[in-house]
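Here is what each chain is made of, one letter per residue.
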Amino acid sequence: MTALLLRRLLVVPPVLLAASVLVFALPRMVGVDPARAVLRARTAEAVPDPATEARVRAELGLDAPAVEQYLRWLGALLRGDLGHGYVSQNPVAAEVGSAAAVSGLLTVLALALAAVLGVPAGAYAARRPGGRLDRFLGAGTIAGVAVPEFVLAPCLVLVFAVGLGVLPAVGWGDPAHLVLPVLVLAAYPAALAAQLVRAETAGVLARPHVLLARAKGLGEHAVLWRHGARLATTSVTALAGMFVSGLLGGAVVVEVVFGIPGLGRTLHRAVEAQDLPVVQAGTLLVVAVAVLAGVLVEVLATALDPVQRGAERAR
Amino acid sequence: MVALLVAGCGGTGGTPDAEGELAVALQFPPRADYAFEADDGARLQSLGVAETLTTVDDQARPAPMLATSWEQQGDSWRFTLREGVTFHDGTPLTPEAVVTALSHIAGVEAPPRAIRDIGFAIEADGPDAVRITTDEPDPIMPLRMSSGNLGILAPAAYAGGGAPDYLRSATGPFVFTEANGTESAVLVRNEEYWGEKAGAARITVRYVEDPQARALAVQAGDLQFAEGLPQAQLEQVRSAGAEVVEYPNARTVPLQLNQARPPFADERVRQAVTAAIDRPVLAEQVLAGGAAPAADLFGAAVPWGASAPPPGADVEKARQLLAEAGYGPEKPLTVQLWTFPNRPELPTLANAIQAMLAEAGIRVEITVGDYQAQEPEVLAGNYDMYLNSRSYLSDFPDAASTLTSDYTCGGSYAIDQYCNPAYDALIAKLNGTVDPDERQRMFTEAAGMLTADAVGVMLVHPLNTAVLRGATGFTPDPLQIAPILPQLTPSG
């Protein structure tokens, strides 16, 4: 497994290098002048004075050729210097780092909750396909997949904050502030995990070796978890890997609705303000997490799957 | 003016509790870390943290704040400072401290509009005054000094050389004790304040961009005050026992018409468009009462704003004017209307305008796009109609800047491409006019000229909203100079 991990990690630097080119080039291809956007954000001037605009452009190094700008940015990045935000003028590392920590916490909790809810629900639904529990959970997972965050979030606020008054509606900093956002973020992955585990487990439980195990007197609980749901963990791990980067940088709706200072909201705001250093650093971070999550998922999937594990040993 | 439009500011009643705490939600987070020169540079003023040399009264005339009096002496103004004021760090307000603060803001890369391009210089003038000098005699320096971008912090705040440190360094009724980026801020009452002390002992300010989230948080009791709620939410929060306050906003939504090319180079066509649009219907029905119909550029937010409502639509007159200009069933008029979605009311208004103009025989093709991409095109005159949203005050309550940039020949934001020497002459006279009342009369006259020349159609003036639940004392300030938070008092 170590050899596989090392082989996969070797791929990460070139992928990130390619991503850095895209992350650098894409904002510049949309045709909006960052110097003007920065001046507008900092001075509220509808049409900034051209001399000031030129001075700001020179100060930010935006008048240099694009290749030179890229190499300068990449060099600073490799030295760990992410620079300062054009608009906030605060260090980007601190701005993106604190936002990523907030979103990271939400992501971990949401995925953990999704696993805790989704995997057992799917497994138990698979015990009797078409049974009452299966039908009930089937409807629940369809709702979990179909109801968008911008609907679910206000609904939960109405019930738990406005109606029952047991949880806060907005804010960050208190453990109670985590509950509703984590519930909203967990709903979709939990529903998908439940559907996935249900489908895979039901398939496995119908196989001859499981019937044999039952005939030998293995208990239903052991059959379910040793033979059924266990095989679904590979798919669930892959699912979690897919969701990590999306939740880390893409939970904009939840972060805006609950007033959470996370990475999605920070990136959304930076894109609106054309704050390139923040956009670039945040996007690259999300890409890096996605790539690393992909590597880990592949290694974990190999470790969990006896067939793949054997093939890897044989290499 | 304000009193007429304020529905009520009493919160939900209850006993005021001066030792209580409040949680409030503001709409826009501080994008530039409370930098004075930034777009949201007046934030420290509106929070009741930083103060300026002057403020304004309800007639938009300069009034004392950290300076108690002022007089013009040639090309300079002498401001006498208030005695007995101390900064939150315990140091006294001195002429040197004011010079340090205002020299800093005047020296940044892009200084605030209030003092830009006027040759601003400041020096101490005796033990209790500062002298501000400009290249040319400036008629409105006391008004300029009310801009929230010109807040004054203690000298120690500027010692680092970069952006000033705003924590515990201002003079206002609240001490800024904790800033949590764009998420929240904590303010504590300044017990040594020179004026009337703040109503709450402590306020937690949360920046919540989503209007629905603000409304729900007020209903849930998480917040005692929130600003900027959409009309659709108002009934909901009222039914939860919250007090809703609606007040004018110094903003106009104009339908700008390109006079540099046909068809709107012809005044009759512009008049036809004006006649065909029913502004009261736009304000009261299309925007569900979230705006006041505009009679001209200026609305009820300023003393010089129009008070009479605009007429409704006169479709017959519009058809007649179009016919005189050569348009009719045989030669129908088709125009492009551009707008942008950042302000959600604009696409809604665009659809209503399309329907109203269709009644008069004008076919409108709407494009909703990105403002930043549209701006160079409309400034270059490559458009027909542009539905915009524009604040008519620029950082301090004087309209000369907007009247100049938007409507003089070659103005920097002259989207309508309007050019009238008589109008330019009127605006030029503002440069030598010191008397606030006379200036305001000239603003009214300028707006009248724009209306008479049908320079676009001033459609509506959006309203501001605020809600209170568990707090009292909110006094709306349409000029957005007076701080919002110090008057708020928790109520049981």
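Residues numbered from 1 in each chain as written. Chains lettered and ligands numbered in written order. Predicted model: local features only at pLDDT ≥ 70, side-chain atom pairs only at ≥ 80, totals over all residues. Heavy atoms only, no water.

**Q** Before we move on, can you summarise the overall build of chain B with the specific residues and values?
**A** Helices and strands together make up the secondary structure of chain B, namely 14 helices and 21 strands. Here the C-alpha atoms of chain B give a radius of gyration of 24 Å, agreeing with the 23 Å that 2.2 N^0.38 yields for 492 residues. For chain B, the spread of C-alpha atoms along the principal axes amounts to about 80 × 55 × 35 Å. By residue count, 58% of the 492 residues in chain B fall in the buried class. The contacts in chain B between residues at least 6 apart in sequence include a share of 70% that link residues at least 24 apart. Carbon and sulfur atoms form 50% of the exposed surface of chain B, whose accessible area is close to 18000 Å². Treating the 31 positive side-chain charges of chain B as one cloud and the 63 negative ones as another, the clouds have centres 3 Å apart. (Helix = DSSP H or I, 4+ residues; strand = E, 2+ residues; numbered from the N terminus. Rg over C-alpha atoms; globule rule 2.2 N^0.38 Å. Buried < 20%, exposed > 50% of the residue type's maximum accessible area, 1.4 Å probe, protein only. Contact = heavy atoms within 4.5 Å. Areas by Shrake-Rupley, 256 points an atom, 1.4 Å probe, with all protein chains shown as cover. Lys, Arg positive; Asp, Glu negative; His and termini not counted. Charge placed at Lys NZ, Arg CZ, Asp CG, Glu CD.)

**Q** Residue-level account of the domain arrangement of chain B, with values.
**A** Reports often express the size of an interface as the amount of accessible area lost when the parts come together. All names here are of chain B. When the domains of chain B are assigned, the result is domain 1 (1–27 + 173–242 + 469–492), domain 2 (34–166) and domain 3 (251–463). Placing the centre of domain 1 and that of domain 2 at their C-alpha centroids yields a distance of 27 Å. The partner domain 2 presents 21 residues to the 22 residues of domain 1 that form the contact. Where domain 1 abuts domain 2, roughly 1700 Å² becomes buried across the two surfaces, and 62% of that area is made up of carbon and sulfur atoms. Among the residues of domain 1 in contact with domain 2, Phe176, Trp194 and Ile481 are the three that bury the most area, contributing 41% of the side total. Joining domain 1 to domain 2, the criterion identifies 0 salt bridges. One can count 7 residue pairs in polar contact (both at pLDDT 80 or more) joining domain 1 with domain 2. Looking at the side of domain 1 that touches domain 2, the elements with two or more residues in it are β8 (174–180), β9 (184–189) and β10 (202–207). By residue number, the principal contributor to the side of domain 1 that touches domain 2 is β8, which donates 4 residues. (Domains from an automatic or database assignment. Buried area = accessible area lost by both parts, 1.4 Å probe. Salt bridge = Lys/Arg side-chain N within 4 Å of Asp/Glu carboxyl O. Polar contact = N/O pair within 3.5 Å; in protein donor to acceptor, adjacent residues only side chain to side chain.)

**Q** Just give me the short version of the UniProt feature "transmembrane region" (unreviewed entry) in chain A, but keep the residues and values in it.
**A** Residue and element names in this part refer to chain A. Under the feature "transmembrane region" (unreviewed entry), the UniProt entry names residues 100–124, 136–166, 178–197, 236–258 and 278–304. Here residues 136–166 is 84% helix and 0% strand, with 27 Å between the C-alpha atoms at its ends. Across residues 236–258, helical content stands at 91% and strand content at 0%; the span's end C-alpha atoms are separated by 28 Å. (UniProt positions renumbered as here; feature names shortened; annotations may be inferred.)

**Q** Mind laying out the packing of helix α12 (residues 400–407) of chain B against helix α13 (residues 421–430) of chain B, listing which residues take part and the relevant values?
**A** Residue and element names in this part refer to chain B. The geometry of α12 relative to α13 is characterised by a closest axis approach of 10 Å and an angle of 150° between their N-to-C directions. Here α13 runs roughly antiparallel to α12, going by the angle between their axes. When you trace α12 past α13, the crossing you get is left-handed. Of α13, the residues touching α12 (which contributes Ala400, Leu403, Thr404 and Tyr407) are Tyr423, Asp424, Ile427 and Leu430. (Axes fitted to C-alpha atoms, helices over the stretch in contact; angles between N-to-C directions. Parallel < 35°, antiparallel > 145°, perpendicular 65-115°, else oblique. Left-handed = near helix turned anticlockwise from the far one by under 90°.)

**Q** An account of the environment of Val467(B) is needed here, citing residue identities and associated values.
**A** Residues and elements named next belong to chain B. With respect to the helices, strands and loops of the structure, valine 467 is situated in strand β19 (residues 457–468). On a C-alpha basis, the gap between valine 467 and tryptophan 70 in space is 37 Å, while along the polypeptide they are 397 residues apart. Ignoring any residue separated from it by four or fewer positions in sequence, one finds valine 467 in contact with Val218, Gln224, Phe225, Ala226, Leu229, Val237, Glu243 and Val244.

**Q** With reference to specific residues and values, describe the sheet that holds strand β6 (residues 121–124) of chain B.
**A** Residue and element names in this part refer to chain B. Read across the open sheet, the 4 strands follow the order β4-β5-β7-β6; overall the sheet is antiparallel. Among the strands making up the open sheet, the edge pair consists of β4 (67–73) and β6. Here the average twist between neighbouring strands, direction ignored, is 20°. Where helix α3 (residues 95–106) meets the sheet, it contacts β5 (76–81), β6 and β7 (129–133), and its direction lies at approximately 165° from that of β6. (Pairing = 2+ DSSP bridges.)

**Q** How would you summarise the packing of helix α5 (residues 92–127) of chain A against helix α12 (residues 263–272) of chain A if you had to cite specific residues and measurements?
**A** Think of two packed helices as two axes; the pair is described by the angle between the axes and how far apart they sit. Residue and element names in this part refer to chain A. The geometry of α5 relative to α12 is characterised by a closest axis approach of 7 Å and an angle of 140° between their N-to-C directions. Between α5 and α12, the interaxial angle falls into the category oblique. Residues Glu95, Val96, Ala99, Ala100 and Ser103 of α5 touch α12, and the partners they reach there are Leu263, Gly264 and Thr266.

**Q** Describe the interface of chain A and chain B, listing the residues and the values that go with them.
**A** Counting from both sides, the interface comprises 38 residues of chain A and, opposite them, 33 residues of chain B. Carbon and sulfur atoms supply 51% of the area buried between chain A and chain B, which totals about 3100 Å² over both sides. Linking chain A with chain B are 2 salt bridges, by the criterion used here. Residue Arg269(A) pairs with Glu209(B) through a salt bridge whose shortest N-O separation is 2.9 Å. At the junction of chain A and chain B, the tally comes to 5 residue pairs in polar contact (both at pLDDT 80 or more).

**Q** Explain the packing of aromatic side chains to me, using residue names and the numbers behind them.
**A** All names here are of chain B. Under the definition given, this model contains 18 aromatic pairs over all chains. Plain terms: the ring middles of tyrosine 34 and tyrosine 166 are 5.0 Å apart, the flat faces sit at 55° to each other, and that makes the pair tilted. Here tyrosine 166 lies in the loop between α4 (141–144) and β8 and tyrosine 34 lies in the loop between β1 (21–26) and α2 (43–46), a separation of 132 residues in the sequence. Taking the relative accessible area as the measure of exposure, tyrosine 166 reaches 10% and is therefore buried. Ring geometry for tyrosine 193 and tryptophan 194: centres 5.1 Å apart, planes at 45°, overall tilted. Taken together, the ring pairs connect Phe298, Trp304, Tyr392 and Phe443 into an aromatic cluster. The ring of tyrosine 327 has lysine 331 sitting right over it, with the charged end atom 4.8 Å from the ring centre. (Phe/Tyr/Trp six-rings, centres within 6.5 Å; stacked < 30°, edge-to-face > 60°. Lys NZ or Arg CZ within 6 Å of the ring centre and 35° of its normal.)

**Q** Outline the environment of Leu192(A), supporting the account with residue identities and numerical values.
**A** Residues and elements named next belong to chain A. Here leucine 192 is to be found in helix α8 (residues 176–205). For the pair formed by leucine 192 and threonine 141, sequence separation is 51 residues and the distance between their alpha carbons is 7.0 Å. Leucine 192 has contacts with Val145, Leu239 and Phe243, leaving out every residue within four places of it along the chain.

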